[in-house]
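Structural overview
Chain by chain, the residues:
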Amino acid sequence: MSQNLPTLHRVVVGVPDPDATLTFLSEGLDFHIRDEGGRLFADTVGEYGQFGQGSLEITQAPELTIRNVVFGAEDAIDVDALRREFGGEATANGGVQLQDPSGLRVLIEPVAAVQVARPQISSLRPRRLGHINAKSPDPIATVEFYRRALGMALSEHIGEDFFFLRTYTEHHNVGLRRGDVGAIHHLGFEMAGWGAYQFVLDHLDAVGYKAEYGPGKHRPGGSFFTYVRDPSSGLRFELFSDMAHITTGPDTPPISWEAGDRFTKTINIWGPTPPPSFLE
(Lines give C-alpha, C1' and ligand atoms only; values in the text may rest on other atoms or scores of the structure.)
Protein backbone atom coordinates (compact mmCIF):
# COMPACT_ATOMS: atom_id res chain seq x y z
CA MET A 1 0.00 0.00 0.00
CA SER A 2 1.26 3.49 -0.83
CA GLN A 3 2.37 5.58 2.10
CA ASN A 4 0.49 8.56 0.64
CA LEU A 5 -3.00 7.34 -0.13
CA PRO A 6 -5.11 9.05 -2.82
CA THR A 7 -7.31 11.76 -1.28
CA LEU A 8 -10.60 13.21 -2.42
CA HIS A 9 -9.89 16.00 -4.91
CA ARG A 10 -13.08 16.97 -6.73
CA VAL A 11 -16.45 15.75 -7.97
CA VAL A 12 -17.56 16.33 -11.56
CA VAL A 13 -21.29 17.02 -11.58
CA GLY A 14 -23.71 17.31 -14.51
CA VAL A 15 -26.72 19.58 -13.95
CA PRO A 16 -29.55 20.81 -16.24
CA ASP A 17 -28.75 24.50 -15.72
CA PRO A 18 -25.08 25.11 -14.83
CA ASP A 19 -25.60 28.87 -14.54
CA ALA A 20 -28.37 28.40 -11.95
CA THR A 21 -26.30 25.93 -9.94
CA LEU A 22 -23.27 28.22 -10.00
CA THR A 23 -25.49 31.10 -8.87
CA PHE A 24 -26.66 29.06 -5.88
CA LEU A 25 -23.08 28.13 -5.02
CA SER A 26 -21.74 31.65 -5.34
CA GLU A 27 -24.65 33.63 -3.86
CA GLY A 28 -25.63 31.11 -1.20
CA LEU A 29 -22.26 29.78 -0.05
CA ASP A 30 -19.71 32.09 -1.67
CA PHE A 31 -17.96 29.35 -3.65
CA HIS A 32 -15.21 30.80 -5.82
CA ILE A 33 -16.20 30.30 -9.48
CA ARG A 34 -13.55 29.97 -12.15
CA ASP A 35 -13.62 29.24 -15.87
CA GLU A 36 -10.65 27.23 -17.15
CA GLY A 37 -10.97 27.23 -20.92
CA GLY A 38 -14.72 26.60 -20.77
CA ARG A 39 -14.54 24.17 -17.83
CA LEU A 40 -16.43 25.58 -14.84
CA PHE A 41 -15.20 25.00 -11.30
CA ALA A 42 -16.58 25.99 -7.88
CA ASP A 43 -13.80 26.15 -5.30
CA THR A 44 -13.75 26.13 -1.52
CA VAL A 45 -10.95 27.49 0.63
CA GLY A 46 -8.73 25.92 3.29
CA GLU A 47 -5.51 24.02 3.83
CA TYR A 48 -5.09 21.19 1.33
CA GLY A 49 -1.33 20.83 1.07
CA GLN A 50 0.77 22.14 -1.77
CA PHE A 51 -1.53 21.14 -4.64
CA GLY A 52 -4.91 22.56 -3.54
CA GLN A 53 -8.32 20.93 -4.02
CA GLY A 54 -10.67 21.16 -6.99
CA SER A 55 -13.93 20.67 -5.01
CA LEU A 56 -16.56 20.86 -7.79
CA GLU A 57 -16.55 20.85 -11.56
CA ILE A 58 -19.95 21.75 -13.03
CA THR A 59 -21.03 20.49 -16.46
CA GLN A 60 -24.30 20.44 -18.40
CA ALA A 61 -26.49 17.31 -18.37
CA PRO A 62 -30.20 16.58 -18.95
CA GLU A 63 -30.57 15.66 -15.27
CA LEU A 64 -28.45 15.60 -12.12
CA THR A 65 -25.55 13.23 -12.81
CA ILE A 66 -22.30 12.47 -11.02
CA ARG A 67 -19.86 12.16 -13.91
CA ASN A 68 -16.74 11.39 -11.88
CA VAL A 69 -15.35 11.29 -8.36
CA VAL A 70 -11.70 12.30 -8.58
CA PHE A 71 -8.97 11.30 -6.12
CA GLY A 72 -5.52 12.85 -6.25
CA ALA A 73 -2.41 10.73 -5.62
CA GLU A 74 0.91 12.27 -4.55
CA ASP A 75 2.80 9.02 -5.14
CA ALA A 76 3.16 7.32 -8.53
CA ILE A 77 0.02 5.41 -9.49
CA ASP A 78 0.43 1.73 -10.38
CA VAL A 79 -1.91 2.00 -13.35
CA ASP A 80 -1.20 -1.50 -14.65
CA ALA A 81 -1.97 -3.17 -11.30
CA LEU A 82 -5.23 -1.23 -10.90
CA ARG A 83 -6.30 -2.08 -14.45
CA ARG A 84 -5.53 -5.76 -13.93
CA GLU A 85 -7.67 -5.94 -10.80
CA PHE A 86 -10.47 -3.48 -11.58
CA GLY A 87 -10.42 -2.88 -15.34
CA GLY A 88 -10.64 0.73 -16.44
CA GLU A 89 -8.53 2.92 -18.68
CA ALA A 90 -5.23 4.75 -18.35
CA THR A 91 -5.41 8.54 -18.67
CA ALA A 92 -3.05 10.85 -20.54
CA ASN A 93 -1.69 12.39 -17.32
CA GLY A 94 -0.64 9.10 -15.73
CA GLY A 95 -3.88 8.33 -13.93
CA VAL A 96 -6.49 5.61 -14.24
CA GLN A 97 -10.23 5.79 -14.77
CA LEU A 98 -12.13 3.12 -12.81
CA GLN A 99 -15.73 2.32 -12.01
CA ASP A 100 -16.91 1.10 -8.62
CA PRO A 101 -19.40 -1.79 -8.31
CA SER A 102 -22.31 0.64 -8.05
CA GLY A 103 -21.48 2.12 -11.46
CA LEU A 104 -19.98 5.34 -10.10
CA ARG A 105 -16.95 6.48 -12.08
CA VAL A 106 -13.82 6.93 -9.94
CA LEU A 107 -10.73 8.64 -11.34
CA ILE A 108 -7.32 8.44 -9.65
CA GLU A 109 -4.90 10.98 -11.08
CA PRO A 110 -1.57 12.56 -10.09
CA VAL A 111 -2.45 15.50 -7.87
CA ALA A 112 0.55 17.45 -9.20
CA ALA A 113 -1.13 17.48 -12.62
CA VAL A 114 -4.22 19.26 -11.29
CA GLN A 115 -2.77 21.92 -9.01
CA VAL A 116 -5.37 24.45 -7.82
CA ALA A 117 -4.65 27.89 -6.40
CA ARG A 118 -6.40 28.58 -3.09
CA PRO A 119 -8.99 31.36 -3.13
CA GLN A 120 -8.99 34.00 -0.44
CA ILE A 121 -10.58 33.10 2.90
CA SER A 122 -14.30 33.80 3.18
CA SER A 123 -16.53 33.70 6.25
CA LEU A 124 -19.23 31.94 4.18
CA ARG A 125 -17.32 29.62 1.89
CA PRO A 126 -16.83 26.01 3.10
CA ARG A 127 -13.26 25.03 3.92
CA ARG A 128 -13.04 21.93 1.73
CA LEU A 129 -14.76 18.98 0.12
CA GLY A 130 -14.62 16.36 2.88
CA HIS A 131 -16.65 13.39 1.66
CA ILE A 132 -19.08 11.93 -0.79
CA ASN A 133 -22.11 9.90 0.27
CA ALA A 134 -23.04 7.56 -2.57
CA LYS A 135 -25.78 5.01 -3.22
CA SER A 136 -25.05 1.44 -4.21
CA PRO A 137 -27.26 -1.62 -4.78
CA ASP A 138 -24.44 -3.71 -3.27
CA PRO A 139 -22.76 -1.63 -0.53
CA ILE A 140 -20.58 -4.48 0.75
CA ALA A 141 -18.96 -5.08 -2.65
CA THR A 142 -18.53 -1.33 -3.07
CA VAL A 143 -16.83 -1.07 0.33
CA GLU A 144 -14.32 -3.70 -0.79
CA PHE A 145 -13.58 -1.72 -3.95
CA TYR A 146 -12.66 1.40 -1.98
CA ARG A 147 -10.60 -0.63 0.48
CA ARG A 148 -8.60 -2.39 -2.24
CA ALA A 149 -8.38 0.31 -4.92
CA LEU A 150 -7.76 3.30 -2.64
CA GLY A 151 -6.51 1.74 0.60
CA MET A 152 -9.41 3.06 2.68
CA ALA A 153 -10.30 1.74 6.14
CA LEU A 154 -13.82 1.01 7.39
CA SER A 155 -14.71 3.29 10.32
CA GLU A 156 -18.32 2.43 11.09
CA HIS A 157 -21.40 0.73 9.67
CA ILE A 158 -25.12 0.52 10.34
CA GLY A 159 -26.31 -2.98 9.54
CA GLU A 160 -25.50 -3.86 5.94
CA ASP A 161 -26.94 -0.70 4.43
CA PHE A 162 -24.72 2.18 5.62
CA PHE A 163 -20.91 2.26 5.63
CA PHE A 164 -18.31 4.95 6.40
CA LEU A 165 -14.74 4.71 5.06
CA ARG A 166 -11.70 6.88 5.69
CA THR A 167 -8.43 7.59 3.93
CA TYR A 168 -6.37 8.66 6.94
CA THR A 169 -7.80 9.61 10.34
CA GLU A 170 -10.92 11.65 9.54
CA HIS A 171 -13.94 9.45 10.30
CA HIS A 172 -15.10 9.23 6.70
CA ASN A 173 -14.31 10.49 3.24
CA VAL A 174 -16.67 8.04 1.51
CA GLY A 175 -20.11 7.13 2.81
CA LEU A 176 -22.13 4.36 1.16
CA ARG A 177 -25.82 3.60 1.49
CA ARG A 178 -28.01 1.04 -0.23
CA GLY A 179 -29.79 2.64 -3.18
CA ASP A 180 -29.83 3.36 -6.89
CA VAL A 181 -26.92 2.53 -9.18
CA GLY A 182 -24.22 5.20 -9.35
CA ALA A 183 -26.16 7.94 -7.54
CA ILE A 184 -25.02 10.45 -4.92
CA HIS A 185 -27.04 11.25 -1.81
CA HIS A 186 -24.91 14.25 -0.85
CA LEU A 187 -21.54 15.93 -0.97
CA GLY A 188 -20.02 16.89 2.39
CA PHE A 189 -18.26 20.25 2.78
CA GLU A 190 -16.51 21.19 5.99
CA MET A 191 -17.42 24.40 7.82
CA ALA A 192 -15.14 26.23 10.25
CA GLY A 193 -17.03 24.95 13.32
CA TRP A 194 -20.31 25.19 15.21
CA GLY A 195 -19.99 28.95 15.37
CA ALA A 196 -20.20 29.22 11.56
CA TYR A 197 -23.74 27.90 11.22
CA GLN A 198 -25.75 30.89 12.38
CA PHE A 199 -23.91 33.24 10.05
CA VAL A 200 -24.19 30.91 7.05
CA LEU A 201 -27.85 30.01 7.64
CA ASP A 202 -28.81 33.64 8.19
CA HIS A 203 -27.09 34.48 4.91
CA LEU A 204 -28.86 31.66 3.04
CA ASP A 205 -32.19 32.96 4.34
CA ALA A 206 -31.32 36.52 3.30
CA VAL A 207 -30.70 35.45 -0.31
CA GLY A 208 -33.75 33.19 -0.51
CA TYR A 209 -32.53 29.69 0.35
CA LYS A 210 -33.57 27.36 3.20
CA ALA A 211 -32.00 24.38 4.92
CA GLU A 212 -33.48 20.96 4.15
CA TYR A 213 -32.47 19.34 7.46
CA GLY A 214 -30.58 20.50 10.54
CA PRO A 215 -28.71 21.83 12.35
CA GLY A 216 -28.17 18.54 14.12
CA LYS A 217 -25.48 16.10 15.21
CA HIS A 218 -24.75 12.69 13.72
CA ARG A 219 -23.66 9.83 15.95
CA PRO A 220 -21.29 8.31 13.32
CA GLY A 221 -18.34 10.66 13.24
CA GLY A 222 -19.86 12.90 15.92
CA SER A 223 -20.15 15.77 13.42
CA PHE A 224 -22.54 18.71 13.37
CA PHE A 225 -24.60 18.97 10.18
CA THR A 226 -26.93 21.06 8.10
CA TYR A 227 -28.16 19.94 4.69
CA VAL A 228 -29.05 22.33 1.87
CA ARG A 229 -30.01 21.66 -1.76
CA ASP A 230 -29.42 23.45 -5.01
CA PRO A 231 -33.01 24.35 -6.07
CA SER A 232 -32.33 23.97 -9.80
CA SER A 233 -30.69 20.52 -9.80
CA GLY A 234 -31.57 18.98 -6.43
CA LEU A 235 -27.88 18.40 -5.61
CA ARG A 236 -27.63 18.05 -1.83
CA PHE A 237 -24.80 19.51 0.23
CA GLU A 238 -23.98 18.61 3.81
CA LEU A 239 -22.33 21.45 5.68
CA PHE A 240 -20.50 19.52 8.41
CA SER A 241 -18.02 20.42 11.12
CA ASP A 242 -16.03 18.91 13.98
CA MET A 243 -15.89 15.39 12.59
CA ALA A 244 -14.08 12.85 14.78
CA HIS A 245 -10.66 11.45 13.90
CA ILE A 246 -9.61 7.85 14.41
CA THR A 247 -5.97 7.94 15.43
CA THR A 248 -5.45 4.29 16.39
CA GLY A 249 -4.55 3.14 12.87
CA PRO A 250 -6.26 1.60 9.83
CA ASP A 251 -6.74 -1.78 11.53
CA THR A 252 -8.98 -0.30 14.27
CA PRO A 253 -12.17 -2.42 14.35
CA PRO A 254 -15.14 -0.49 12.93
CA ILE A 255 -18.00 0.62 15.15
CA SER A 256 -21.07 -1.51 14.43
CA TRP A 257 -24.77 -0.67 14.76
CA GLU A 258 -27.88 -2.69 14.07
CA ALA A 259 -29.96 -1.72 11.05
CA GLY A 260 -32.78 -0.56 13.32
CA ASP A 261 -30.48 1.92 15.07
CA ARG A 262 -30.45 4.33 12.15
CA PHE A 263 -33.28 6.60 13.27
CA THR A 264 -33.24 5.82 16.98
CA LYS A 265 -29.52 6.09 17.77
CA THR A 266 -27.40 7.36 14.86
CA ILE A 267 -28.91 9.85 12.42
CA ASN A 268 -29.37 12.75 14.85
CA ILE A 269 -28.51 12.43 18.53
CA TRP A 270 -30.50 15.61 19.23
CA GLY A 271 -33.72 13.97 18.17
CA PRO A 272 -35.48 15.38 15.08
CA THR A 273 -35.66 12.89 12.20
CA PRO A 274 -35.20 14.02 8.58
CA PRO A 275 -37.97 15.13 6.21
CA PRO A 276 -39.20 12.71 3.51
CA SER A 277 -37.10 14.47 0.85
CA PHE A 278 -33.92 13.45 2.69
CA LEU A 279 -34.87 9.77 2.50
CA GLU A 280 -35.22 9.69 -1.28
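This report concerns the structure included in the present document. (Residues numbered from 1 in each chain as written. Predicted model: local features only at pLDDT ≥ 70, side-chain atom pairs only at ≥ 80, totals over all residues. Heavy atoms only, no water.)

**Some thoughts on the environment of T65**
By the element assignment, T65 lies in strand β5 (residues 65-73). Note on T65: relative accessible area 29%, which makes it partly exposed. Remark: the alpha-carbon pair of T65 and H9, spanning 56 residues in sequence, is separated by 18 Å. Not counting the four nearest positions on each side in its chain, T65 is found in contact with V12, V13 and G14. In this structure the side chain of T65 is engaged in a polar contact, spanning 2.9 Å, whose partner is the backbone oxygen of E63. (Helix = DSSP H or I, 4+ residues; strand = E, 2+ residues; numbered from the N terminus. Buried < 20%, exposed > 50% of the residue type's maximum accessible area, 1.4 Å probe, protein only. Contact = heavy atoms within 4.5 Å. Polar contact = N/O pair within 3.5 Å; in protein donor to acceptor, adjacent residues only side chain to side chain.)

**Focus: the nonpolar core**
Counting residues in hydrophobic clusters, the biggest one holds 54 residues, and the most contacted among them are L56, Y146 and L187. Residue contributions to this core peak at 5 residues, all from helix α3 (residues 139-150). For L56, the contacting residues outside a window of four places in its chain are R10, V11, V13, L25, F31, L40, F41, A42, L187, F189 and F237. (Core = buried A, V, L, I, M, F, W, Y, C linked by side-chain atoms within 4.5 Å.)

**Let's talk about the pattern of salt bridges**
Taken as a whole and judged by the stated rule, the model has 17 salt bridges. Residues R10 and E57 are paired through a salt bridge, measuring 3.5 Å at the closest nitrogen-oxygen approach. One end of the pair, R10, is in strand β1 (residues 7-15); the other, E57, is in strand β4 (residues 55-60), and 47 residues separate them in sequence. Across the pair, exposure class does not vary: R10 and E57 are buried alike. E36 is the partner of R34 in a salt bridge, and the nearest nitrogen-oxygen pair spans 3.4 Å. Its relative accessible area of 16% is what places R34 among the buried residues. Taking the relative accessible area as the measure of exposure, E36 reaches 45% and is therefore partly exposed. (Salt bridge = Lys/Arg side-chain N within 4 Å of Asp/Glu carboxyl O.)

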